[in-house]
Amino acid sequence: MKDAGGFSRKIIPLIPFFAILTVLFLLRKKLAGVYISVAAAAFLAYMLDPVVKFVQKHMNFVRKKTREKAVAVTFIIFVLALVGVTAFVVPIIVSNVIEIVEKADEIVPKITAYLQKIISDEHYEIKQKLIEIINSAEEKATAKINEVYNIATSFSLYEKLSEAIVGIITAIVLTYYFMRDKTHILNGVFGLFPYRWRDFVTETADELGMISAKFVQGQIFVSLIIGSLETVGLLLLGMPYSAFFGIIGGFSNLIPYFGPFIGAVLPVITALGISPVKALWVLALFLIVQQIDNHFISPKIIEGNLGIHPMVVIIVIFAGQELFGVWGLIVAVPVYATVKCILSKFIKNLSINLH
Amino acid sequence: MSNKTMGAVAKGMLIGAVAGGSIAYISGMDITCKCRCVRKKFCVICKNMRKIMSR
């Protein structure tokens, strides 16, 4: 059949394609687990991509340094690291959390007593307010943990656990394929765009790749280092729950500017419960780690910045926090950078087409 | 899956396929396009495509 512009050749495959897409969208609640696994695998593959490139470059023990071999090596390292982390780090965190919960009843009166002592009665209202905040935080945390504890001891845990294990194994296996077939997958995705859009799409994707390499991969790597440094430092200071606080510190380091302070709050308060001198030491540790990060770690890993003015970064973070809470804090800047990049490319493209 | 969900999914599928398919066709989407050298832009399909596009 001959027709203008290959009408039937183009539209006949499009209809089942969109039918399947619609079904996948309509069943999103039932298939949520599958989507999460696939998304997690894609994210992991993306995070491990620099590692694959590094391994491929330095793989001197094989004659031909192909990507497949590098992927295999990276995957083995990744699985071993995962097993190591689950075997050694997770039990420490779990025991730390349980300990904190058990000791919370002890620590909270200590801190309130300390506050009673340092704040004079002239500022009675401030004192009452602070004590109220601490007590309500403790109550909320206890309620949440009791909830988790109830789930953990009920039968539904085993159902959820089996679900989670299937999801995790699927994600790990998918990660391998995502890493191995990276070019095929990317070309497939780019091929979906109409031909005249492809230049724009590939260019924008390249730029976004650079932004995310700086921000996502770099930041997460820096946070891992910061978390380890803080854990070791707290261990040396003889603080309890050092692994737990180190992990919180590393995680909060994902937030630009405010992160290090947010990460320091909990350990400093806990140290205050032990002794004021200890609290000062902990504060000093966090300041030193932050300085090391600012001057030696971040500049080496995150080369240059995103080209966003610090004032804009602060406003964006604040807005993100107001709109989406904790997650807003973390994703605000990368999302802003992405949107800015796409929009500026789009406007540039438009003005080129207009002239 | 209950009959009701199946019905809803079938209806959605039909609407989605027709609407999505036509919008995609109008915007120029072509999933049968075998050209996969999006970044090199030098294969035969690409060259011919460029010629057609520049006309």
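Rules used throughout
Residues numbered from 1 in each chain as written. Chains lettered and ligands numbered in written order. Predicted model: local features only at pLDDT ≥ 70, side-chain atom pairs only at ≥ 80, totals over all residues. Heavy atoms only, no water. Helix = DSSP H or I, 4+ residues; strand = E, 2+ residues; numbered from the N terminus. Buried < 20%, exposed > 50% of the residue type's maximum accessible area, 1.4 Å probe, protein only. Contact = heavy atoms within 4.5 Å. Buried area = accessible area lost by both parts, 1.4 Å probe. Polar contact = N/O pair within 3.5 Å; in protein donor to acceptor, adjacent residues only side chain to side chain. Nonpolar A, V, L, I, M, F, W, Y, C, P; charged D, E, K, R; others polar. Phe/Tyr/Trp six-rings, centres within 6.5 Å; stacked < 30°, edge-to-face > 60°. Axes fitted to C-alpha atoms, helices over the stretch in contact; angles between N-to-C directions. Parallel < 35°, antiparallel > 145°, perpendicular 65-115°, else oblique. Left-handed = near helix turned anticlockwise from the far one by under 90°. Core = buried A, V, L, I, M, F, W, Y, C linked by side-chain atoms within 4.5 Å.

1. Some remarks on the overall build of chain A
Part 1 of the reasoning: Looking only at helices and strands, chain A features 11 helices and zero strands.
Part 2 of the reasoning: Moving toward the C terminus, one meets the helices and strands of chain A in the order α-α-α-α-α-α-α-α-α-α-α.
Part 3 of the reasoning: Across the 355 residues in chain A, those meeting the buried criterion constitute 31%.
Part 4 of the reasoning: The long-range share in chain A, meaning contacts at least 24 apart out of those at least 6 apart in sequence, stands at 64%.

2. Notes on the interface of chain B and chain A
Part 1 of the reasoning: Contact with chain B, which involves 28 residues of that partner, is made by 27 residues of chain A.
Part 2 of the reasoning: Contact between chain B and chain A buries roughly 2800 Å² in total, counting both sides, with carbon and sulfur atoms accounting for 68%.
Part 3 of the reasoning: Counting across the interface, chain B meets chain A through zero residue pairs in polar contact (both at pLDDT 80 or more).
Part 4 of the reasoning: Elements represented by at least two residues in the side of chain B that touches chain A include exactly α1 (3-27) and α2 (44-54) of chain B.
Part 5 of the reasoning: Here the side of chain B that touches chain A gets 12 residues from one element, more than from any other, and that element is α1 of chain B.
Part 6 of the reasoning: Of the residues contributing to the side of chain B that touches chain A, the split by class is 16 nonpolar, seven polar and five charged.

3. With respect to the packing of aromatic side chains
Residues and elements named next belong to chain A.
Part 1 of the reasoning: Following the criterion strictly, the structure yields seven aromatic pairs over all chains and no others.
Part 2 of the reasoning: With centroids separated by 5.4 Å and ring planes inclined at 70°, the aromatic side chains of Y176 and Y177 adopt a geometry described as edge-to-face.
Part 3 of the reasoning: By relative accessible area, which is 22% here, Y176 ends up partly exposed.
Part 4 of the reasoning: With a relative accessible area of 40%, Y177 lands in the partly exposed category.

4. Side note on the packing of helix α7 (residues 198-236) of chain A against helix α11 (residues 310-354) of chain A
Between two packed helices, what matters for the description is the angle formed by their axes and the separation of those axes.
Residues and elements named next belong to chain A.
Part 1 of the reasoning: It is at 10 Å that the axes of α7 and α11 come closest, and there the two elements cross at 155°. Between α7 and α11, the angle falls in the class roughly antiparallel. As for the relative orientation of α7 and α11, their crossing is right-handed in sense. Seen from α7, the contacting residues are F200, E203, T204, E207, L208, I211 and F215; seen from α11, they are V333, P334, A337, T338, C341, I342, K345, F346 and N349.

5. A look at the nonpolar core
Residues and elements named next belong to chain A.
Part 1 of the reasoning: L234, M239, F245, V282 and F286 are the most contacted members of the largest nonpolar core, which totals 19 residues.
Part 2 of the reasoning: Looking at this core, the elements that each hand over two or more residues are α3 (67-118), α7, α8 (242-252), α9 (259-274) and α10 (276-301).
Part 3 of the reasoning: Top element by residues in this core is α10. It accounts for six residues.
Part 4 of the reasoning: Setting aside its immediate chain neighbours within four residues, F286 contacts E230, L234, P260, G263, A264 and P267.
Part 5 of the reasoning: If you look at the next biggest cluster of nonpolar residues, it comprises 12 residues, including I211, I308, I330 and A337.

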